[in-house]
Amino acid sequence: MGTVSEARSRQLVEAAGISVSPWASADDPDRAVEAAQGLGFPVAVKLNGDTVTHKTEGGLVRLGLASPDQVAEAAAELLTGASEGANLLVTQMVAGHRELIVGLVRDEGFGPCVMLGLGGVLAEAVADVAFRLAPLGVVDALDMIDDLGAQALLGPLRGEPALDRKATADLLVAIGTMADDPAVVAVDLNPVVVADGRPVAVDALVELSDGAQ
Amino acid sequence: MALDLRPLFEPKGVVITGVSAHPGKFGFVAFHNILACGYTGPVFAVGREEGTVLDRPVLASVDAVPDGAAELLVLCTPVAANTEIVRSAAARGVRAVFCAAGGYSEAGPDGAEAENQLVALADELGIVLAGPNGQGVVSTPVGLCAQIVAPFPTAGRIAVVSQSGNFVSSFLNYANQTGVGISRAVSAGNAAAIGVADYLEWFADDPETEVALCYLEGLADGRGFFERVREVTRRMPVVVVKGGTTVGGQRAAASHTGSLANDDQIFDGMARQAGLIRAANIESAFEAAATFATQPLPAGNRIVVLSTAGGWGVVTADAVTAHRDLDLTPLPTDLMATIDELVPPRWSRNNPVDLAGGETRDTIPAVLEATVAHPAVDVVIQLGLGIQGNTAALTRGGPFHPDHGLGRIVDFHEHQERRYAEAADSASRSHDKPVLVASELAVARPDNPLVQAVRESGRLCYPSADRAVVALGHLVRYADWRRRRP
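Reading guide: rules and limits
The numbering scheme is per chain: residues are counted from 1 as the chain's sequence reads. Whichever chain is written first becomes A and whichever ligand is written first becomes 1, with later ones labelled in order. Given that the model is predicted, a residue must reach a pLDDT of at least 70 before its local features are reported, and side-chain atom pairs must reach 80 or more before they are shown or counted; all residues, however, enter totals for whole chains, interfaces and linings. Helix and strand labels come from DSSP, where a helix needs a run of H or I of at least four residues and a strand needs a run of E of at least two; each type is numbered from the N terminus. Our radius of gyration looks at C-alpha atoms and nothing else; its globule reference is 2.2 Å times the residue count to the power 0.38. A residue is called partly exposed when the number of other C-beta atoms within 10 Å of its own lies between 12 and 20, exposed at 12 or fewer, and buried at 20 or more, with C-beta atoms placed from the backbone. Whether two residues are in contact is decided by their C-beta atoms, placed from the backbone, lying within 7 Å. Residue ranges labeled as domains rest on an automatic or database domain assignment. Polarity classes work like this: nonpolar for Ala, Val, Leu, Ile, Met, Phe, Trp, Tyr, Cys and Pro, charged for Asp, Glu, Lys and Arg, and polar for all others, with Gly in that last group. By this definition, two strands are paired if DSSP reports at least two bridges between them. Along the arc lie the directions from the helix axis toward the C-beta atoms. Axes here mean lines fitted to C-alpha atoms, for a helix over just the part in contact, with angles spanning 0 to 180 degrees between N-to-C directions. For classification purposes, angles smaller than 35 degrees are called roughly parallel, those larger than 145 roughly antiparallel, those between 65 and 115 roughly perpendicular, and all remaining angles oblique.

Student: It is not clear to me how the overall build of chain A should be interpreted in this structure. Could you clarify?
Tutor: Within chain A one finds six helices and eleven strands. Whereas a compact globule of 213 residues would reach a radius of gyration of roughly 17 Å, chain A reaches 17 Å, a difference of no more than 12%. For chain A, the C-alpha atoms occupy an extent of roughly 45 × 45 × 30 Å along the three principal directions. Looking at chain A as a whole, 46% of its 213 residues qualify as buried. If you take every contact in chain A between residues at least 6 apart in sequence, the share linking residues at least 24 apart comes to 65%.

Structure representation (structure tokens):
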């Protein structure tokens, strides 16, 4: 089994009804600039491919690019030395102080489980997470949000409105439905940025079982 | 469709095998306990040596049991003998087996094979098989104490099932300590044929049972357990305490979600989703179950703390405030006006209600009743009782009693304590709201008349306000879970 590219992951996640940051694929710097102009600045540009993992740690993500020149330069750098088959993913920057992690994992005993956590890319260190078994209903999903320890982070914060709990619950229910496909081994939406109260996945990673890729 | 465990918990007649004259042997102990605890059906001992044990005849074989005279077989015989015994017993009308004997799957591959054969035999014969390798089964409505250990519990409405037999005993010991009793109790043993979910399903339909209390260690089929218990909890609260929560830990995974998913957090999420009440330890699990067994479900989470004096109210208010599921509700103004009329103005005038020692002989019952009756109050915690009874105890034991007017004052104090406990019980019943009484005297002086009277009312006298708050949190959370899943 293995992870698939972010572009493929985003397609699978969107098919489940989950909001991701607006995005487009691009094969070269010129097309990346076109995509960025279509999406509106600022954008992020990332290297995209089935073998591209741990993008942040590997320096394969360029954030907050505000002009065509910056996009073209970042795109050219990312493609230099990139493995065969890799291309670029251009996505709108989504603004928000708070990040969540939302995921799906298959447990040996309990089967598919949905996870919600605080901290986004810091989630492992924050370790404030809640689980439910998939499929789950909206009532269970709302309970899950209540389970998180740092509730103060979910209220109005630094000029941003409170987390939209209904929209977040809908996201949790939706990721749970991805378990209906037996080929889906695990899903990471990390981070999910809370933008104007609403959760928007700005990165997605889907792991599929062997032969399903 | 739940398994029919009626022949296990309410058998018409019991047979025990492996009975010998040696009082240390399991067969003897089980036989003794069944005879000693009030079971009224016929009891048959089967053993290798002819003669009598406990003045009862010992039969040489289960074949000697009259046809249809016994429904439950308690096996205290070795593995090698049991297949034959079970087959003969079924032919005599036995419908349920509790296999106390060990030497099965816990003992290695040969034992596991014997266990599989025993399960297959029970299936073939159409009888229910509990255990093997369990301590026994208890059922207070029929006075049945078919176990190889003590105690026999006081009767009540908590049903216990445990994957560790010793925790059955722990829960039964707490029942006897507190007076909040047990309906059924069973040690699941190796749970070869009947697992925890099977017992819970039967308890949910059992008119003698109000709440189930269970100790879990491992679940062979976690998903199946979840699917079954989530149906049970819609009808009956189920309190669980889980052992082994720190074993396992994090796993290697390609995804962040996978690396964050440890066994305990998944179990915890499953428990919340299924409506299970998960207690942190054995003691709080019993107290949670005792609360479900003796208090009505609250309509909401608005808590009022009542206290006669001192810091009790303050620390309890802190505990309620710190609890995420509980709300220390502002005191309604009309209730404040009512209390104003009952006590001098130095009372706290907020929640916690601290009467500041201003009460007279009728004040406490009156404040309790007014508070519990108020529509903006869901639950009352009453503190600071038992003081008069404690004073009475010292006085009664001193050199001056009953002279100098002490006889009368001691009687008065003791009478007042009983009134308070009765007022709490009666307000709870008439308004169908939980009223929890807490005092360290519950353990420090169980002979205190307040503690005694709370016990006689059938309720738990909580040994501390903090423990009452923990139990209440479980009650409120479960009531909310039920309300949101009509």
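Student: Sorry if this is basic, but what is going on with the overall build of chain B here?
Tutor: On a plain count of helices and strands, chain B comes out with 18 helices and 20 strands. With the principal axes as the frame, chain B shows a C-alpha extent of 80 × 70 × 35 Å. Taken across its 486 residues, chain B has 54% of its residues classed as buried. Taking the intrachain contacts of chain B between residues at least 6 apart in sequence as the baseline, contacts between residues at least 24 apart amount to 72%.

Student: Quick question: what am I supposed to make of the domain arrangement of chain B here?
Tutor: Size of an interface: often given as the accessible area lost when the parts come together. Residues and elements named next belong to chain B. As far as domains go, chain B holds domain 1 (6–292) and domain 2 (297–483). The C-alpha centroid of domain 2 is placed 38 Å from the C-alpha centroid of domain 1. Tallying the contact residues gives 13 residues for domain 1 and ten residues for domain 2. Ranked by the residues each element gives to the side of domain 1 that touches domain 2, the list is headed by helix H10 (residues 282–294), at six residues. Residues belonging to the side of domain 1 that touches domain 2 are distributed by class as follows: seven nonpolar, five polar and one charged.

Student: I keep staring at the interface of chain A and chain B and nothing clicks. Help me out?
Tutor: Contacts between chain A and chain B engage 29 residues on the former and 20 residues on the latter. If you list the elements that add at least two residues to the side of chain A that touches chain B, you get strand E6 (98–107), strand E7 (111–118), helix H4 (123–126), strand E8 (129–133), helix H5 (138–147), strand E9 (184–195) and strand E11 (204–208) of chain A. The class makeup of the residues in the side of chain A that touches chain B is 15 nonpolar, six polar and eight charged.

Student: Where do I start with the pairing of strand E9 (residues 144–147) of chain B in this structure?
Tutor: In summary, the side chains of a regular strand alternate between the two faces of the sheet. Residue and element names in this part refer to chain B. Residues Leu144 and Ala146 line one face of E9 and the alternating positions Cys145 and Gln147 line the opposite face, and both faces are buried. By the bridge criterion, four bridges tie strand E8 (residues 136–139) to E9 in an arrangement that is antiparallel. In the strand pairing of E9, Gly136 is matched with Gln147.

Student: Please clarify how helix H7 (residues 222–232) of chain B should be interpreted in this entry.
Tutor: In an α-helix there are 3.6 residues to a turn, and that puts residues three or four apart on one side. Turning to H7(B), its buried residues number three or more, namely B:Phe225, B:Phe226, B:Val229 and B:Val232. What you see down the axis of H7(B) is that its buried residues fit within an arc of 125°, all on one side. The elements touched by buried residues of H7(B) are E8 of chain A together with helix H6 (196–204), strand E13 (238–242) and helix H9 (263–274) of chain B.

Student: Sorry, what's going on with the domain arrangement of chain A here?
Tutor: If you check the domain split of chain A, you get domain 1 (22–92) and domain 2 (98–208). On a C-alpha basis, the centres of domain 1 of chain A and domain 2 of chain A stand 26 Å from each other.

Student: Looking at this model, I keep getting lost on the sheet that holds strand E5 (residues 87–92) of chain A. Mind explaining?
Tutor: Two modes of strand pairing occur in sheets, parallel and antiparallel, and in both the strands are linked by backbone hydrogen bonds. Residue and element names in this part refer to chain A. Strand order in this open sheet of four strands is E2-E5-E3-E4, and the pairing throughout is antiparallel. Looking at the sheet topology across the chains shown, the edges are occupied by strand E2 (23–26) and strand E4 (61–65). Here the average twist between neighbouring strands, direction ignored, is 20°. Of the pairings in the sheet, the one linking strand E3 (residues 43–48) to E5 comprises six bridges and is antiparallel in character. Across the sheet, residue Val43 finds its bridge partner in E5, namely Gln92. Contacting E3, E4 and E5, helix H3 (residues 68–79) crosses the sheet at an angle of about 15° to E3.

Student: Just to check I follow, could you spell out the packing of helix H12 (residues 333–342) of chain B against helix H13 (residues 363–373) of chain B for this structure?
Tutor: Two quantities define a packed helix pair, namely the angle between the axes and the distance from one axis to the other. Residue and element names in this part refer to chain B. One can describe the packing of H12 onto H13 by two numbers: an axis separation of 10 Å at closest approach and a directional angle of 170°. Between H12 and H13, the angle is such that the two are roughly antiparallel. Here Leu335, Thr338, Ile339 and Leu342 of H12 lie close against H13, whose contacting residues are Thr363, Ala366, Val367, Ala370 and Thr371. Considering only residue class, the contact of H12 with H13 consists of six nonpolar, three polar and no charged.

Student: What am I meant to see in unusual backbone geometry here?
Tutor: Glycine aside, residues mostly have negative phi angles, and peptide bonds mostly take the trans form. All names here are of chain B. Note the cis peptide between Gly131 and Pro132, where omega equals -5°. Position of Pro132 relative to the elements: it lies in the loop between strand E7 (128–130) and E8. The residue after His401, namely Pro402, is reached through a cis peptide bond having omega 5°. By the secondary structure assignment, Pro402 is in the loop between helix H14 (387–397) and helix H15 (406–431). Positive phi values are uncommon outside glycine, yet Leu54 reaches one of about 50°. Counting through the fold element by element, Leu54 comes out in the loop between strand E3 (51–53) and strand E4 (56–59). Not every positive phi belongs to a glycine, and Asp55 is a case in point at roughly 65°. Tracing the chain through its elements places Asp55 in the loop between E3 and E4.

Student: I tried to follow the sheet that holds strand E1 (residues 14–17) of chain B on my own but got confused; where do I start?
Tutor: Residue and element names in this part refer to chain B. Read across the open sheet, the seven strands follow the order E3-E4-E2-E1-E5-E6-E7; overall the sheet is mixed. Every other strand in the sheet has two partners, leaving E3 and E7 as the edge strands with one partner each. Averaged over neighbouring strand pairs, the angle between their axes works out to 30° when direction is ignored. In this structure, E1 lies alongside strand E2 (residues 43–46), joined through four bridges in parallel fashion. When the sheet's bridge partners are listed, Thr17 is paired in E2 with Val46. Packed onto the sheet, helix H2 (residues 26–36) meets E1, E2, E3 and strand E5 (72–75) and runs at close to 155° relative to E1.

Student: Looking at this structure, I do not really get the pairing of E9(A). What am I missing?
Tutor: Residues and elements named next belong to chain A. The buried fraction of E9 amounts to eleven of the twelve residues, a majority that puts the element mostly inside the structure. Bridge analysis of E6 against E9 gives seven bridges, and the strand direction is antiparallel. Counted as the bridge partner of Arg98 is Val194 from E9. As paired strands, E9 and E11 are joined by five bridges and run antiparallel to one another. Looking at E11, one finds that Leu189 is bridged to Ala204. The sheet contact formed by E9 and strand E10 (residues 198–201) spans four bridges and is antiparallel. Pairing of Ala195 across the sheet is with Arg198, part of E10. With antiparallel pairing between neighbouring strands as the criterion, E9 and E10 make up a hairpin whose turn holds two residues, including Asp196 at a positive phi of roughly 55°.

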